[in-house]
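# Reading the structure
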Number of protein chains: 4
Amino acid sequence: MPQARLLPAYLVQRYHGWKATTYQDNKSWYRRLAASGQHPRAMVISCCDSRVHVTSIFGADEGEFFIHRNVANLVPPYTPDGQTHGTSAAVEYAVTSLGVAHIVVLGHSNCGGVKGCLDMCSGEAPELLETSSFVGRWMDILRPGYERVKDVDAAFRARALEKQSVLVSIDNLMTFPFVAKAVEEESLTLHGLWTDVGEGGLEQFDPVRGEFLPV
Amino acid sequence: MPQARLLPAYLVQRYHGWKATTYQDNKSWYRRLAASGQHPRAMVISCCDSRVHVTSIFGADEGEFFIHRNVANLVPPYTPDGQTHGTSAAVEYAVTSLGVAHIVVLGHSNCGGVKGCLDMCSGEAPELLETSSFVGRWMDILRPGYERVKDVDAAFRARALEKQSVLVSIDNLMTFPFVAKAVEEESLTLHGLWTDVGEGGLEQFDPVRGEFLPV
Amino acid sequence: MPQARLLPAYLVQRYHGWKATTYQDNKSWYRRLAASGQHPRAMVISCCDSRVHVTSIFGADEGEFFIHRNVANLVPPYTPDGQTHGTSAAVEYAVTSLGVAHIVVLGHSNCGGVKGCLDMCSGEAPELLETSSFVGRWMDILRPGYERVKDVDAAFRARALEKQSVLVSIDNLMTFPFVAKAVEEESLTLHGLWTDVGEGGLEQFDPVRGEFLPV
Amino acid sequence: MPQARLLPAYLVQRYHGWKATTYQDNKSWYRRLAASGQHPRAMVISCCDSRVHVTSIFGADEGEFFIHRNVANLVPPYTPDGQTHGTSAAVEYAVTSLGVAHIVVLGHSNCGGVKGCLDMCSGEAPELLETSSFVGRWMDILRPGYERVKDVDAAFRARALEKQSVLVSIDNLMTFPFVAKAVEEESLTLHGLWTDVGEGGLEQFDPVRGEFLPV
């Protein structure tokens with residue numbers, strides 16, 4: 001028997017509140033979403049961090065974004081080796097089954113995963129180097145980004161690496177044949193964003209200037 | 001240079017609207033979240049599906065939930081093989097770094113990933129059996145669940161498998177030593193939920209009765 | 001040969017500007033909308049008035065709203081007499097073919113059509129009473145609303161009648177069997193709004209209080 | 001009491017975002033529009049289809065276009081029979097009250113209304129032939145256009161009929177005495193356009209060549 005427990009009362013109460021209000025106000029839309037399927041315009045790949053709410057920033061409601069969230073909003077390179085790759089599965093489903101028009105990679109300030117990568121690569125977090133460290137092996141994906149920022153002034157290095165987490169993911173997305181093909185055919189566009197959790201800022205990677213600039 | 005494009009104008013406008021209203025209303029809280037770090041009470045593992053908004057159902061705001069979203073809300077078994085495991089990294093970070101008190105696995109109706117698993121296991125989706133199918137290899141995680149529901153009446157099989165996606169994930173969570181230890185020490189509880197997208201229903205796995213019952 | 005002329009140069013120039021910028025930024029989305037069809041969440045019925053931009057107020061982009069615009073945002077009563085009824089056709093298409101979840105009727109301040117109705121009903125615009133007056137006969141739809149506000153102080157009467165144009169339309173919408181059925185089945189909701197063009201205000205009809213209140 | 005419901009929360013939030021940004025940026029203009037009335041240069045008649053945003057294509061802002069939208073951008077023939085004719089009322093108001101300089105009829109690709117007309121006229125949609133079908137009776141306006149394209153190769157017939165929906169409307173506009181008079185006096189010009197939703201193309205009817213050509 002699974003080791004599950006009943007839900008804490010505070011969540012039960014909040015659910016009943018939502019059911020009696022928001023659900024009632026949107027019932028017709030939710031029913032149509034159930035009956036005729038989802039048609040999200042974009043996939044958003046963001047961090048699991050509790051301070052990042054992609055739907056809030058964009059005023060998005062149920063049905064608009066197909067959302068994958070993992071530690072540090074990373075996409076690994078294309079590796080069709082028959083192993084389980086959750087992020088690659090999400091990207092494949094979004095592009096080949098749903099046909100999303102955009103993939104938005106959203107990085108953020110104060111990212112704990114990126115901080116761990118920085119510590120690991122600079123020798124300050126030996127535990128993350130262990131084979132058994134899932135966070136360490138996951139953050140290995142960001143190593144090419146670390147190489148590009150390791151000489152940045154220490155005060156700005158974490159932020160620079162947070163932005164690299166977005167750029168490395170976009171580079172890796174392009175290694176997926178179905179992503180590259182859709183981008184080539186102009187049925188898909190990729191977008192790189194970074195948000196400042198405390199100040200509510202939003203920067204986007206500008207491919208002409210080659211840097212992140214405020215939206 | 002990454003293949004990124006500037007953000008579509010409608011998202012830029014919506015962002016500026018959010019910045020001028022919701023952000024202003026919550027600035028002091030967001031600044032404190034940035035300054036003193038996140039302290040989420042729970043981790044939520046849900047599907048990427050655009051119709052599932054866990055924060056909405058639970059009236060949750062920035063800072064409350066550490067959220068991992070992947071196809072069909074699956075957790076693979078503990079496999080410390082030095083490869084990249086995004087879901088395992090998220091669980092490790094939530095439990096060992098953030099010390100969340102709860103992990104909530106949230107399944108849902110009309111799940112396209114579960115539907116794919118059903119088709120694959122019953123021989124109707126040979127393309128998902130290919131080595132190169134990321135969705136297929138990801139849904140392999142749910143095969144033990146399929147074995148348990150394959151004789152269920154066809155009309156109810158998808159729903160039964162959606163609930164198995166929750167139970168298999170909880171079973172797999174317990175294979176992670178740090179999860180089992182935290183559950184043992186009663187510093188962590190696991191919860192299995194399933195939501196009906198159209199009707200707004202919410203069921204939780206009741207470990208005493210051994211079935212999902214309405215919350 | 002139709003009496004058409006080539007487009008004025010200022011519109012040609014603006015179109016080319018749009019094609020080179022906004023279209024390029026959204027090409028992948030527009031292509032998907034063309035390939036997989038529209039799935040708008042709501043129908044909006046608003047006035048033709050050039051000062052009312054429903055998409056702007058709601059930050060809506062292509063694909064979100066099915067929009068019918070006529071003089072004074074009116075819906076006539078259900079009259080299946082085999083004649084041409086453009087508004088009824090739009091409502092029928094939205095509800096029975098597209099399955100929209102909401103119909104939003106949006107009235108506005110400074111409405112010339114409503115002003116004409118007021119003048120006509122109070123005897124100050126005899127030309128609108130003529131059989132050949134299309135505006136007059138169209139504004140006849142609002143006569144039940146005029147009856148309800150004719151004793152309102154003159155300074156507030158136009159505004160009161162603008163709000164009646166919303167309420168009469170909602171009443172008339174409910175005379176369409178397919179609308180009433182969808183509302184009954186909770187697959188469709190109706191909403192009454194009134195916007196102040198100059199002040200940017202937005203009021204909604206509150207069915208509990210029986211009046212329009214600021215959103 | 002009207003069967004109205006309060007607005008879904010996502011639209012309320014988006015409205016407040018617009019009010020705090022776009023409205024503030026344009027307040028002086030919106031106030032002048034309210035105070036001194038609208039003076040739109042053109043009337044645009046387009047389809048209700050959510051994928052067609054005439055203001056976007058022409059970079060138009062509040063105050064520029066008096067916009068009528070109905071199914072398949074149709075104008076019925078002049079029929080002053082004392083019945084309600086919403087499209088005719090809109091045309092009458094635009095020409096005789098506002099004195100617009102142009103009427104632009106904008107057709108589009110992938111038009112569901114035109115597709116319905118094609119099916120109806122070719123015997124594949126008997127339900128549209130019923131007296132009670134508002135869409136069917138509305139699309140009867142386009143029957144003269146169907147006669148002109150019925151022998152076109154099936155692969156191109158829908159597109160040909162979409163363009164006929166523009167030409168039939170322009171022909172019908174000329175049956176309105178006040179339109180014909182204004183055109184005669186050169187205080188009004190008529191324009192026929194067709195836009196390709198997916199490719200962002202725009203074609204205009206060229207009266208010299210007698211065909212639609214790219215703008």
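Residues numbered from 1 in each chain as written. Chains lettered and ligands numbered in written order. Predicted model: local features only at pLDDT ≥ 70, side-chain atom pairs only at ≥ 80, totals over all residues. Heavy atoms only, no water.

## Things to note about the relation of the copies chain B and chain A
- Relative to chain A, chain B is turned by 180° and slid 0.0 Å along the rotation axis, the superposed coordinates differing by an RMSD of 0.1 Å. Here the copies are linked by what is in effect a two-fold axis. Identified as the residue of chain B closest to the rotation axis by C-alpha distance is B:Arg69, at 2.5 Å.
- The share of interface residues of chain B whose copies in chain A are also at the interface is 99%, consistent with both copies meeting through the same surface. (Least-squares fit on C-alpha atoms with pLDDT ≥ 70 in both. Contact = heavy atoms within 4.5 Å.)

## Quick word on the UniProt feature "binding site: Zn(2+)" (unreviewed entry) in chain A
All names here are of chain A.
- UniProt's entry tags Cys47, Asp49, His108 and Cys111 with the feature "binding site: Zn(2+)" (unreviewed entry), counted in the numbering of this structure. Spanning 65 residues, the named residues nonetheless gather at one spot, since no C-alpha pair among them exceeds 8.9 Å.
- For Cys47, the location among the structural elements is in strand β1 (residues 42-47).
- Judged by its relative accessible area of 5%, Cys47 is buried.
- Following the sequence through the fold, His108 ends up in strand β3 (residues 102-108).
- A relative accessible area of 1% means that His108 is categorised as buried.
- Apart from the residues lying within four places of it in its own chain, the contact partners of His108 are Cys47, Asp49, Arg51, Val52, Asn73, Glu162, Trp194, Thr195 and Val197. (UniProt positions renumbered as here; feature names shortened; annotations may be inferred. Helix = DSSP H or I, 4+ residues; strand = E, 2+ residues; numbered from the N terminus. Buried < 20%, exposed > 50% of the residue type's maximum accessible area, 1.4 Å probe, protein only.)

## Focus: the relation of the copies chain C and chain A
- Screw-axis analysis of chain C against chain A gives a translation of 0.0 Å along the axis, an RMSD of 0.0 Å, and a rotation angle of 180°.
- When you check the interface residues of chain C against chain A, 100% turn up at the interface there too, and the contact is symmetric in its surfaces.

## Observations concerning the interface of chain C and chain A
- Every contact between the two is made by 23 residues of chain C and, on the other side, 23 residues of chain A.
- Between chain C and chain A, a total of about 1800 Å² is buried, with carbon and sulfur atoms accounting for 42% of that surface.
- Looking only at chain C, the three residues that lose the most surface to chain A are C:Ser28, C:Arg32 and C:Arg41, adding up to 36% of its buried area.
- Salt-bridge contacts for C:Glu186 lead to A:Lys27; the nearest nitrogen and oxygen are separated by 2.7 Å.
- Between the two partners, chain C and chain A, sit 17 residue pairs in polar contact (both at pLDDT 80 or more). (Buried area = accessible area lost by both parts, 1.4 Å probe. Salt bridge = Lys/Arg side-chain N within 4 Å of Asp/Glu carboxyl O. Polar contact = N/O pair within 3.5 Å; in protein donor to acceptor, adjacent residues only side chain to side chain.)

## Description of the pattern of salt bridges
- Under the defined criterion, the tally for this structure stands at 50 salt bridges over all chains.
- Between B:Glu64 and A:Arg14 there is a salt bridge, with the nearest N and O atoms lying 2.8 Å from each other. Here B:Glu64 is found in the loop between α2 (54-57) and β2 (65-70), whereas its partner A:Arg14 is found in helix α1 (residues 9-36) on a different chain.
- We classify A:Arg14 as partly exposed; its relative accessible area is 27%.
- Where salt bridges share partners, they join A:Glu64, B:Arg14, C:Glu64 and D:Arg14 into one cluster.

## With respect to the interface of chain B and chain A
- Opposite the 100 residues of chain B that make contact, chain A presents 99 residues.
- Of the roughly 9000 Å² buried between chain B and chain A, counting both surfaces, carbon and sulfur atoms make up 62%.
- A per-residue breakdown of the area chain B buries against chain A is headed by B:Ser50, B:Arg51 and B:Phe134, which together make up 8% of the total.
- For A:Glu199, the salt bridge identified is with B:Arg31, shortest N-O distance 2.8 Å.
- The interface formed by chain B and chain A includes 47 residue pairs in polar contact (both at pLDDT 80 or more).
- Broken down by element, the residue count for the side of chain B that touches chain A peaks at 15 residues, all from helix α1 (residues 9-36) of chain B.
- Here the residues of the side of chain B that touches chain A sort into 47 nonpolar, 35 polar and 18 charged. (Nonpolar A, V, L, I, M, F, W, Y, C, P; charged D, E, K, R; others polar.)

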